[in-house]
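Chain by chain, the residues run as shown.
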Amino acid sequence: MLSYKNILDKQAKIKSNELSLTENVQYFLSRINDQKDINAFNFIFEDVLDDAKVVEEKIHDGTAGKLAGMVIAVKDVLSIKDRPLACSSNILKGFKSIYSATSVQKLIDEDALIIGKTNCDEFAMGSSNENSAFGNVLNPVDKTRVPGGSSGGSAAAVAAGFCDVALGTDTGGSIRQPASFCGVFGLKPTYGRVSRYGLTAFASSFDSIGAFANNVEDIAAVMNVMSGKDDLDSTSINEPTPEFNIESNISRKIKVGIPQEYFSEGLNDEVKKSIEDYISDISSDKVEFIDIHLKHNDYAIATYYILTTAEASANLSRYDGVRFGYRHENPEDLNEMYTLTRSEGFGDEVKRRIMLGTYVLSSGYYDAYYRKAQKVRRLIKEDFTNAFEQVDIILTPTSPFTAFKIGEKSSDPMQMYLSDIYTTSINLAGIPAINIPIGFDSNDLPIGVQLIANQFEENLLLQTVKFFNKS
Ligand code: GLN
């Protein structure tokens, strides 16, 4: 088992020869190979051992970077130079990236070790990791169940002890929901906090890169390195990056909003009870709970699926058989080449979204769907702006239920989309949120709570975890 608490502890133990980094990486690789059935990885980088030797020496010399020795798995929608990038799709099978995502490059520059690329739903579209051309991922807590999605492989890799940290992306819940299903921490930062350069776009005005770990210290460490303005992504924010840390400097009573709309119909009784117990265990000396309303939340899923499919239909038009990956061979003509490449290369869920997105953007329906959804997006954002005038943080369930059985919802897209009921509004508003594992249901499946903060307030989320625990 792992004998360190977080990256700082790991580095100290390597330095004092209590821990060998090479052995640690070997341990992770053999664990991944012993539990291949989990299928958390699309690609495993065995040559990470060579990097480990170099970094181990640097740690001993005192020349190592901030993340030296941290073993990181990267969701297979992020580019790493000269490594395969498939986005779990047949359409990109065989494709290799020609440059690295800024987020990943920054980690590598600080001597993090990349152990492989994790499985996910195709182009990050899904809530169960069942939409993957690389097969589904098993939840390490209960292998008959899904790990959540779309970053299912990343959540499973952390939960199964295959790495220290995993990167995920969150467009509508894809970090927080799998973190909740697998019982780990998962942070979705403010939109624009981390550069999207080198991230395969799903819905560009929603996509955020964040991290999974078994402790919040490691998430803070990764965020410190990944965040910041990047000239290669014009939507990255020009805000100074604070020093992310988990030591609470909260010296006053904080106000936590409980939105009534998130605790009503559809919420599983055991999840509800567990969150109520969690709330009542937090000392009232530290926290004042306030009932609030986010009254447009009922429209979040519809708004999310109109806007994200519209953006996806445009973003995915680039996979035409000419520029990337798969191409249908020997077509009759160019049009047939496009049609057959896309029909054969994309999976059903991706095709469903391209069709939906093309429809809502079409001239006859643009005003009725796309333009209207943009207006509702603003109302949802305003609900949060108003709420944060009253409270510091908002506390909700992350998911209405715990991990479901493989196959249980895959034939009914509407049921699957309902998994996102508590998470999509956060992406519509562009604000940060974290999943905190808080307990288990009667089937021993993890339950998670979601903390939401105003934009740029990730530190408050990270620090609240410890602040709550001290009660
Ligand atoms: N489950 C949501 C969807 O399928 C969220 C996906 C994501 O955040 N990438 O769109």
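Residues numbered from 1 in each chain as written. Predicted model: local features only at pLDDT ≥ 70, side-chain atom pairs only at ≥ 80, totals over all residues. Heavy atoms only, no water.

Colleague: Any details on helix α9 (residues 300–315)? Residues and values, ideally.
Modeller: Here α9 spans 22 Å end to end across 16 residues, near enough to the 22 Å set by a 1.5 Å rise per residue. Buried residues dominate α9, accounting for 14 of its 16 residues. (Helix = DSSP H or I, 4+ residues; strand = E, 2+ residues; numbered from the N terminus. Expected span 1.5 Å × (residues − 1). Buried < 20%, exposed > 50% of the residue type's maximum accessible area, 1.4 Å probe, protein only.)

Colleague: Account for the nonpolar core, with residues named and values stated.
Modeller: In summary, soluble globular proteins display a tendency toward joint burial of nonpolar side chains. Ranked by size, the top nonpolar core spans 114 residues in total, and within it I72, F123, L167, F384, L395 and F468 carry the most contacts. Within the second largest apolar cluster, 35 residues are counted, among which are I32, I38, V71 and I115. (Core = buried A, V, L, I, M, F, W, Y, C linked by side-chain atoms within 4.5 Å.)

Colleague: Pulling in residues and values, what's your account of unusual backbone geometry?
Modeller: Cis geometry marks the peptide bond from G149 to S150; its omega dihedral reads 5°. Within the fold, S150 resides in the loop between β3 (113–118) and α5 (152–159). In this model, S88 sits at a positive phi of 55°, which is unusual for a non-glycine residue.

Colleague: Give me a nonpolar patch on the surface: which residues, what numbers.
Modeller: Together, Y359, Y365 and Y369 make up an exposed nonpolar region whose accessible area comes to about 280 Å². Checked against the element boundaries, Y365 lands in the loop between α11 (348–361) and α12 (366–390). (Patch = residues over 30% accessible without salt bridge, like charges linked within 9 Å, V, L, I, M, F, W, Y side chains within 5 Å. Areas by Shrake-Rupley, 256 points an atom, 1.4 Å probe, with all protein chains shown as cover. Salt bridge = Lys/Arg side-chain N within 4 Å of Asp/Glu carboxyl O.)

Colleague: Please provide a residue-by-residue account of the environment of S208, values included.
Modeller: You can see S208 is positioned in strand β6 (residues 208–213). Taking relative accessible area as the criterion, S208 reaches 4% and is therefore assigned buried. Here the alpha-carbon distance between S208 and E288, two residues 80 residues apart in the chain, equals 30 Å. Once you skip the residues sitting within four places of it in the chain, S208 turns out to touch G168, T169, D170, I175, K188, P189 and Y191. (Contact = heavy atoms within 4.5 Å.)

Colleague: Any details on the site of the ligand? Residues and values, ideally.
Modeller: Around the ligand lies a shell of 15 residues, among which T171, G172, S174, Y304 and R353 are the nearest. The side chain of S127 places a nitrogen or oxygen atom 2.8 Å from a nitrogen atom of the ligand. Contact with the protein chains covers 99% of the free accessible surface of the ligand, which is 290 Å². Here the residues of the shell around the ligand are counted per class, giving 5 nonpolar, 7 polar and 3 charged. (Near = heavy atom within 4 Å. Polar contact = N/O pair within 3.5 Å; in protein donor to acceptor, adjacent residues only side chain to side chain. Nonpolar A, V, L, I, M, F, W, Y, C, P; charged D, E, K, R; others polar.)

Colleague: So, the sheet that holds strand β11 (residues 446–453): which residues are in play, and what are the values?
Modeller: Pairing within the open sheet is mixed, and its 11 strands lie in the order β1-β3-β2-β4-β6-β5-β10-β11-β9-β7-β8. If you trace the sheet from one side to the other, it starts and ends with β1 (41–44) and β8 (287–292), each paired once. Strand-to-strand twist of the sheet, defined as the mean angle between neighbouring strand axes without regard to direction, takes the value 30°. Pairing geometry for strand β7 (residues 254–259) and strand β9 (residues 393–397), over 2 bridges, is parallel. The residue of β9 that forms the bridge with G257 is I394. Its contacts with the sheet place α5 against β1, β2 (71–75), β3, β4 (165–170) and β6, and it is angled at close to 155° to β4. (Pairing = 2+ DSSP bridges. Axes fitted to C-alpha atoms, helices over the stretch in contact; angles between N-to-C directions.)

Colleague: Let's hear about the packing of helix α1 (residues 7–15) against helix α3 (residues 48–61): which residues, and what values?
Modeller: Here α1 crosses α3 at 80°, and the two axes come no closer than 9 Å. Considering their axes alone, α1 and α3 lie roughly perpendicular with respect to each other. When α1 is examined against α3, the residues Q11, I14 and K15 are found in contact with a partner set consisting of E56, I59 and H60. Across the contact of α1 with α3, the residue classes tally to 2 nonpolar, 2 polar and 2 charged. (Parallel < 35°, antiparallel > 145°, perpendicular 65-115°, else oblique.)

Colleague: Can you explain the packing of α9 against α12? Please cite residues and give values.
Modeller: Here α9 crosses α12 at 125°, and the two axes come no closer than 9 Å. Between α9 and α12, the interaxial angle falls into the category oblique. The way α9 lies across α12 gives a crossing that is left-handed. The residues of α12 that touch α9, namely those facing A300, T303, I306, L307, A310 and E311, are Y369, Y370, A373, Q374, V376, R377 and I380. (Left-handed = near helix turned anticlockwise from the far one by under 90°.)

Colleague: Describe the pairing of β11, listing the residues and the values that go with them.
Modeller: The element β11 is extensively covered by neighbouring structure, given that 8 of its 8 residues are classed as buried. Burial along β11 is two-sided: the residues P446, G448, Q450 and I452 and I447, V449, L451 and A453 are all buried. Pairing analysis gives 7 bridges linking strand β10 (residues 433–440) to β11, with the strands arranged antiparallel. Directly across from I436, in β11, lies its bridge partner V449. Turn length for the β10-β11 hairpin, with the two strands adjacent in sequence and antiparallel, is 5 residues, and the turn residue D444 shows positive phi of about 60°.

Remember that the coordinates give geometry; whether it matters functionally is a separate question.
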